[in-house]
Amino acid sequence: SPNNISKKAKQFKRNISPVREIMNYANPDYIRKLGINPEDLISFAGGWVNHKAPEKLREAYESIVSDPRLFHLTGEYSPTLGQTEFKKAVCKFENELYGMDISEKQIVVGLGSTQLVMELFTVLLDPGDKILLLDPSYCNYPPQIITEIPDVEILRFSVINEKKWEFVADDKISEFTEYILEKKPKVVLLVSPDNPTSKVLSDEFVQATLDSVKKIGGYLIIDFAYKELVFNDKHPSYFSWSPNENFISIRSNSKWCRGLGRRLGWVEAPEFLVKYMESIQTSSVLCPDTMHQMALTKFINDSIESNTLTDYIKKTAKLYKNVAEKTVEILKKKIDCKIITPDGGLYIFMKIGMDGGKFVEDVLKKTGVLFIPGWGFGRTGINAVRLSFGPLVEDIDKIESGIEKVAIYLKSESDCK
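Within every chain, residues take consecutive numbers counted from 1 along the sequence as written. In keeping with the model being predicted, local features are shown solely for residues with a pLDDT of at least 70 and side-chain atom pairs are shown and tallied solely at 80 or more, while totals for entire chains, interfaces and linings include all residues. Computation of side-chain values: all heavy atoms of the structure, hydrogens and water removed.

1. Focus on the packing of helix α7 (residues 113-124) against helix α11 (residues 271-282)
Each pair of packed helices can be described by the angle between their axes along with the distance between the axes. As a rule, the C-alpha atoms of each element are fitted with a line to give its axis, helices using only the stretch in contact, and angles between N-to-C directions run from 0 to 180 degrees. Secondary structure elements follow DSSP: runs of H or I no shorter than four residues count as helices, runs of E no shorter than two count as strands, and numbering proceeds from the N terminus. The N-to-C vectors of α7 and α11 enclose an angle of 110 degrees; their axes lie 10 Å apart at closest approach. With respect to α11, the element α7 is oriented roughly perpendicular. Touching Gln115, Leu116, Glu119, Leu120, Thr122, Val123 and Leu124 of α7 are Leu273, Tyr276, Met277, Ile280 and Gln281, all from α11. When residue character is reported, Ala, Val, Leu, Ile, Met, Phe, Trp, Tyr, Cys and Pro are called nonpolar, Asp, Glu, Lys and Arg charged, and the others, Gly included, polar. Of the residues in the contact of α7 with α11, the class split is eight nonpolar, three polar and one charged. Orientation is classified from the angle alone, with under 35 degrees giving roughly parallel, over 145 giving roughly antiparallel, 65 to 115 giving roughly perpendicular, and any other angle giving oblique. Any two residues whose heavy atoms approach within 4.5 Å at even a single point are treated as in contact.

Okay, structure coming up:
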């Protein structure tokens, strides 16, 4: 009976989740109800990548599946914190790409960054604590916080000049640090490159944040989901930071090697926190996926040995950079809207001067082109939409076609008025 469902589940079902809204928009049944053939849909909605995974990764899976002994081993429980060999491979990966000095004792492996974020919230936050997010920021964090820990106060700090539609985090460093010292959040959670703005936070901003967090005995967490998809060859210095008692990194193979559905991620955290993560994870997922760890271990080790890892990642980042630049160029030519130019990642955050939800509905019905409304990313996104070029990274013509359709529709609406 519905009356026997928990209060938390009922409350969460009543609240509109931004991620659930994104999924609903992409549902073929919903698309058909609008009179649109799902095959004709041009979607800028998905937060996923569509480049080819490394061939050496596919070969790693193939070598495991074709070997009866290795395949048998994939059916075993992994240690709760992850296989030692995989964690050693992660250390090699971070050192190869960023010169990071990290130990396998500082790594917790899980079923992707979403699950690991939930475990971190459980370990770090008590009812009544505060967590600070930028505005805008990744839309799934607030629902995760609400479902995991009751009565946590979610603070937001705007880094958008809404009039000029510019990312102004560096102009607000002093204001941000003062805000941290005043409000005393236990956790400050940042994303770099960001979702939805695709901006890379500066060294100055992140260092000032960490300094402030240390003063109040809190934690700085950075979600590095798009770390390998940065367009500038010179990385910020904090990309090389190993974990310390106030600094934690969330990592994943989801975006850079197109492993979205092969759920695997890891947290880089101080050893004392790793021990607490183990006790929580034992009661949640029990252990991360064994096959994915084995395959990624082989891929990392083989590609570092053959000097192909860095080349693959640079080539992938260059692909996304080129498509980002072309998409920005097309938008500026076709649509008279303000945009935030990306530094990495998959997204362009666009101000459209009206309620983003209504804009998305109208454009979808009239053109068969799908964006994501910006409201779920924070107050600054209410009159904005997020365009993702990730799913169409191999099809710039389709990107141009979708933008052209929207441009024609918007012009016809303007002419009518």
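From this point, the discussion proceeds with the structure in view.
2. Things to note about the pairing of strand β12 (residues 347-351)
Under the scheme applied here, a residue whose accessible area is under 20% of the maximum for its type counts as buried, over 50% as exposed, and between as partly exposed, the area being computed with a 1.4 Å probe on protein chains only. Of all five residues in β12, four are buried; the element is thus mostly enclosed. Pairing between two strands requires that DSSP report at least two bridges joining them. In this sheet, β12 lies alongside strand β11 (residues 338-340) in antiparallel orientation, the contact comprising three bridges. What sits directly across from Ile339, in β12, is Met350. Strand direction decides the pairing type here: β12 and strand β15 (residues 384-388), joined by five bridges, are antiparallel. Looking at the pairing, Ile348 lines up with Leu387 of β15.

3. What about the pattern of salt bridges?
Oppositely charged side chains are able to pair whenever their charged atoms sit close together. Salt bridges are counted wherever a side-chain nitrogen of Lys or Arg sits within 4 Å of a carboxyl oxygen of Asp or Glu. In this structure the tally under the stated criterion is 14 salt bridges. Linking Asp302 and Lys298 is a salt bridge whose minimum nitrogen-to-oxygen distance equals 2.9 Å. On the criterion of helical spacing, the pair formed by Asp302 and Lys298 is a turn pair, its members being four residues apart in helix α12 (residues 290-305). Beyond isolated ion pairs, a larger network of salt bridges with shared partners links Glu94, Lys227, Glu228 and Arg251.

4. Details of α11
Under the 1.5 Å per step criterion, the end-to-end length of α11 is 17 Å for 12 residues, consistent within 8% with the ideal 16 Å. Residues Leu273, Val274, Met277 and Gln281 constitute the buried set of α11. Taken around the axis of α11, the buried residues stretch over an arc of 105 degrees, which confines them to a single face. Exposed side chains of α11 directed beyond 90 degrees from the buried face belong to Lys275 and Tyr276. Buried positions along α11 lie against β2 (107-110), α7, β8 (219-223), β9 (247-252) and β10 (265-268). Multiplying 1.5 Å by the helix residue count minus one yields the expected span of that helix. Relevant arc is that of directions from the helix axis to the C-beta atoms, nothing else.

5. Here we look at the state of the cysteines
Cysteine sulfur atoms are paired as a disulfide whenever they come within 2.5 Å of each other. Tallying each qualifying case throughout the model produces zero disulfides. Free cysteine Cys91: the closest other cysteine sulfur is in Cys257, separated by 17 Å. Unpaired in this structure, Cys287 has its nearest cysteine sulfur neighbour in Cys257, at a distance of 20 Å.

6. Considering a negative patch on the surface
Together, Glu329, Glu394, Asp395, Asp397 and Glu400 line one region of the surface with negative charge. Topologically, Asp397 is positioned in helix α15 (residues 396-416). Exposure remark for Asp397: the relative accessible area of 57% places this residue in the exposed category. Nonpolar side chains (Val, Leu, Ile, Met, Phe, Trp, Tyr) within 5 Å and like charges within 9 Å form the patches, drawn only from residues with over 30% relative accessible area and no salt bridge. In short, Shrake-Rupley with a 1.4 Å probe defines the accessible areas, and a residue's cover is counted only from the protein chains shown. All tallies of charge rest on Lys and Arg as positive and Asp and Glu as negative; His and the ends of each chain are not included. The location of each charge is read from NZ of Lys, CZ of Arg, CG of Asp or CD of Glu.

7. Looking at the sheet that holds β9
One open sheet accounts for seven strands, arranged β2-β10-β9-β8-β7-β3-β4; its pairing is mixed. If you trace the sheet from one side to the other, it starts and ends with β2 and β4 (153-158), each paired once. For this sheet, the mean angle separating the axes of adjacent strands, direction not counted, is 20 degrees. Looking at chain direction, strand β3 (residues 130-135) and strand β7 (residues 187-191) are connected through three bridges and run parallel. Residue Ile131 lies in a different strand from β7, and its bridge partner there is Val187. With respect to the sheet, helix α9 (residues 173-183) is in contact with β3, β4 and β7, its orientation differing from that of β4 by roughly 165 degrees.

8. Regarding the environment of Lys338
Relative to the helices and strands, Lys338 is located in strand β11. Here the alpha-carbon distance between Lys338 and Lys411, two residues 73 residues apart in the chain, equals 16 Å. Those residues in contact with Lys338, other than ones at most four positions away along the chain, are Lys163, Lys164, Trp165, Phe349, Met350 and Lys351.

9. A word on unusual backbone geometry
Cis rather than trans, the peptide bond between Asp135 and Pro136 has omega equal to 10 degrees. Relative to the helices and strands, Pro136 resides in the loop between β3 and α8 (141-148). The peptide bond linking Ser192 to Pro193 adopts the cis configuration, its omega dihedral lying at -10 degrees. Note on placement: Pro193 falls in the loop between β7 and α10 (203-216). Phi is positive for Arg258, which is not a glycine, with a value near 50 degrees. Turning to its location among the elements, Arg258 is positioned in the loop between β9 and β10. Arg258 gets classed as partly exposed once you look at its relative accessible area, which sits at 29%.

Geometric values such as these leave the question of function open.
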